[in-house]
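# Observations on the model geometry
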Amino acid sequence: MTGGHTDDEGPAHPAPKRRGRPSRKSGTTGPDARTRILEAARTEFAERGYDKTSIRGIAKAAGVDPALVHHYFGTKDEVFAAAIELSFEPALVIPAVLGSGTDGMGERLARYFISVWENPASRAPLLAIMRSALTHEAAAKVLRGFVLRRLLERVAETLDVPDATFRAELAASHMLGIAMLRYVVRAEPLASAPPEKIIEMVAPTLQRYLTEAE
């Protein structure tokens, strides 16, 4: 097992780079690498926007080979979608918002949504996502797909009301409108209003959208 050079690929020789396959350099594989890539992607999208962010730039910021980004996430659209999911964490939050029954659902949804935007760590990438979706159809398509498939469809599945998907979309449009005016446009007095005041006033409307039968 020791000795001179061999033409076979082995532990003593780094694997040649191939399209679509990550290199095996130390520190560029495993969960830590994936996490670094995702965090780098959030930062790149936040600072550069969708159009100017590239797989190569994300890889450089994460300290990995671009092939590793493709290995974990595929295309730039898929990296973008993963960055959105990292900000919203639907797998963790949706059960908490919806799993306690319909009573208070509007308030729980409003509180969760506002808390995500009030957190500086998640606000920056979300601002980039909103701005990118307004100016680039590819980004808008990814955002629509995420909102529809990962959020609204799961909300609608729990509702025992007519037109559940339509109602979930109305609730989402309400919250996205608040996000646009408060955090992107910064329209006053909404931009300076205390979060609790917004939650108090918005929750009954969300509750009506999601739970009241016609």
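Structural notes, computed from the coordinates. For every chain, the first residue of the written sequence is number 1, and numbering continues from 1 along that sequence. Local features in this predicted model are restricted to residues of pLDDT 70 or higher, and side-chain atom pairs are both shown and tallied only at a pLDDT of 80 or more, whereas totals for entire chains, interfaces and linings draw on every residue. The side-chain numbers reported here are obtained from all heavy atoms of the structure, hydrogens and water having been left aside.

## Considerations on the overall build of the protein
What counts is decided by this rule: Here a helix means four or more residues in a row that DSSP labels H or I, a strand means two or more in a row labelled E, and each is numbered from the N terminus. Buried, partly exposed and exposed residues are distinguished by accessible area as a fraction of the type maximum, computed with a 1.4 Å probe on protein chains only: under 20%, between the cut-offs, and over 50%, respectively. We call two residues contacting when some pair of their heavy atoms lies within 4.5 Å. Areas reported here follow the Shrake-Rupley algorithm with a probe of radius 1.4 Å; residue values treat only the protein chains shown as occluding.
Scanning the protein from terminus to terminus reveals 10 helices and 0 strands. Order of helices (α) and strands (β) in the protein, N terminus to C terminus: α-α-α-α-α-α-α-α-α-α. The proportion of buried residues among the 214 residues of the protein is 42%. A sequence separation of at least 24 residues applies to 67% of the contacts in the protein between residues at least 6 apart. Total accessible area on the protein is roughly 12,400 Å²; 54% of this is exposed by carbon and sulfur atoms.

## Section: the packing of aromatic side chains
Under the convention used in this document: Note on ring pairs: Phe, Tyr and Trp rings are taken, using the six-membered ring of Trp, and paired if centres are within 6.5 Å. Classes follow the plane angle, with under 30 degrees stacked, over 60 edge-to-face and the rest tilted. The criterion is that NZ of a Lys, or CZ of an Arg, lies within 6 Å of the ring centre and within 35 degrees of the ring normal, and then a charge sits over that ring.
Counted according to the given criterion, the structure contains 6 aromatic pairs. With a centroid separation of 6.4 Å and 40° between ring planes, the pair formed by F113 and W117 is classed as tilted. Here F113 pairs with W117, and both are found in helix α6 (residues 105-118), just 4 residues apart, close to one helical turn. W117 gets classed as buried once you look at its relative accessible area, which sits at 1%. Each residue in the set F45, Y50 and F80 is aromatic and connected to the rest through ring pairs, giving one cluster. A cation sits over an aromatic face here: K76 above Y50, 4.3 Å from the ring centre.

## Regarding the side chain of R182
Formally: Under the rule applied, a polar contact is a pair of N or O atoms within 3.5 Å (in protein, one hydrogen donor and one hydrogen acceptor; residues adjacent in sequence only if both atoms are side-chain atoms).
You can see R182 is positioned in helix α9 (residues 164-184). Within the structure, R182 has its side chain in polar contact with the side chain of E118 (distance 3.0 Å). Here L190 takes part through its backbone oxygen, which lies 2.7 Å from a polar atom of the side chain of R182. Discounting chain neighbours no more than four positions away, the residues touching R182 are E118, L190, A191, S192, A193, P195 and I198.

## Description of the packing of α9 against helix α10 (residues 195-211)
The cut-off we apply is this: Axes, fitted as lines to C-alpha atoms, cover a helix only where it is in contact. Angles between the N-to-C directions of the axes lie from 0 to 180 degrees. Each angle gets one of four labels, with under 35 degrees taken as roughly parallel, over 145 as roughly antiparallel, 65 to 115 as roughly perpendicular, and the rest as oblique. Handedness of a helix crossing follows the sense of rotation of the near helix relative to the far helix, less than a right angle counterclockwise being left-handed and clockwise being right-handed. Under this grouping Gly is polar, as are all residues other than the nonpolar Ala, Val, Leu, Ile, Met, Phe, Trp, Tyr, Cys and Pro and the charged Asp, Glu, Lys and Arg.
Put simply, α9 and α10 touch, their axes get as near as 8 Å, and they point 160° apart. Our classification of the angle between α9 and α10 gives roughly antiparallel. Seen from above, α9 lies across α10 with right-handed handedness. Only P195, I198, V202, T205, L206, R208, Y209, L210 and T211 of α10 make contact with α9, whose side of the interface consists of R167, A168, L170, A171, H174, M175, I178 and R182. Looking at the contact of α9 with α10, its residues break down into 11 nonpolar, 3 polar and 3 charged.

## Re the pattern of salt bridges
Keep this limit in mind: Here, a salt bridge means any side-chain nitrogen of Lys or Arg that lies within 4 Å of a carboxyl oxygen of Asp or Glu.
A full pass over the atoms with the stated rule returns 5 salt bridges. Residue E44 pairs with R48 through a salt bridge whose shortest N-O separation is 2.9 Å. Of this pair, E44 and R48 both sit in helix α1 (residues 31-52), separated by 4 residues, roughly a single helical turn. Among the ionic contacts, a cluster of salt bridges with common partners joins E107, R111 and E196.

## Comments concerning the packing of helix α7 (residues 120-135) against α9
Between α7 and α9, whose axes approach to 11 Å, the crossing angle comes to 110°. Judged on the interaxial angle alone, α9 and α7 are roughly perpendicular. Touching R123, L127, M130, R131 and L134 of α7 are L176, A179, M180, Y183 and V184, all from α9. A breakdown of the residues in the contact of α7 with α9 according to their chemical character gives 8 nonpolar, no polar and 2 charged.

## Considering the environment of S192
Inspection of the secondary structure puts S192 in the loop between α9 and α10. Separated by 10 residues in the primary sequence, S192 and R182 have C-alpha atoms spaced 7.9 Å apart.

## Focus on unusual backbone geometry
Between E188 and P189 the backbone carries a cis peptide bond, its omega angle lying at 10°. Along the chain, the position of P189 falls in the loop between α9 and α10. Even without being glycine, D163 reaches a positive phi, approximately 55°. Along the chain, D163 turns up in the loop between α8 (137-158) and α9. Look at D163 and you get partly exposed, because its relative accessible area is 48%. Within the chain, R186 stands out as a residue other than glycine whose phi angle is a positive 60°. Take R186: it is sitting in the loop between α9 and α10.

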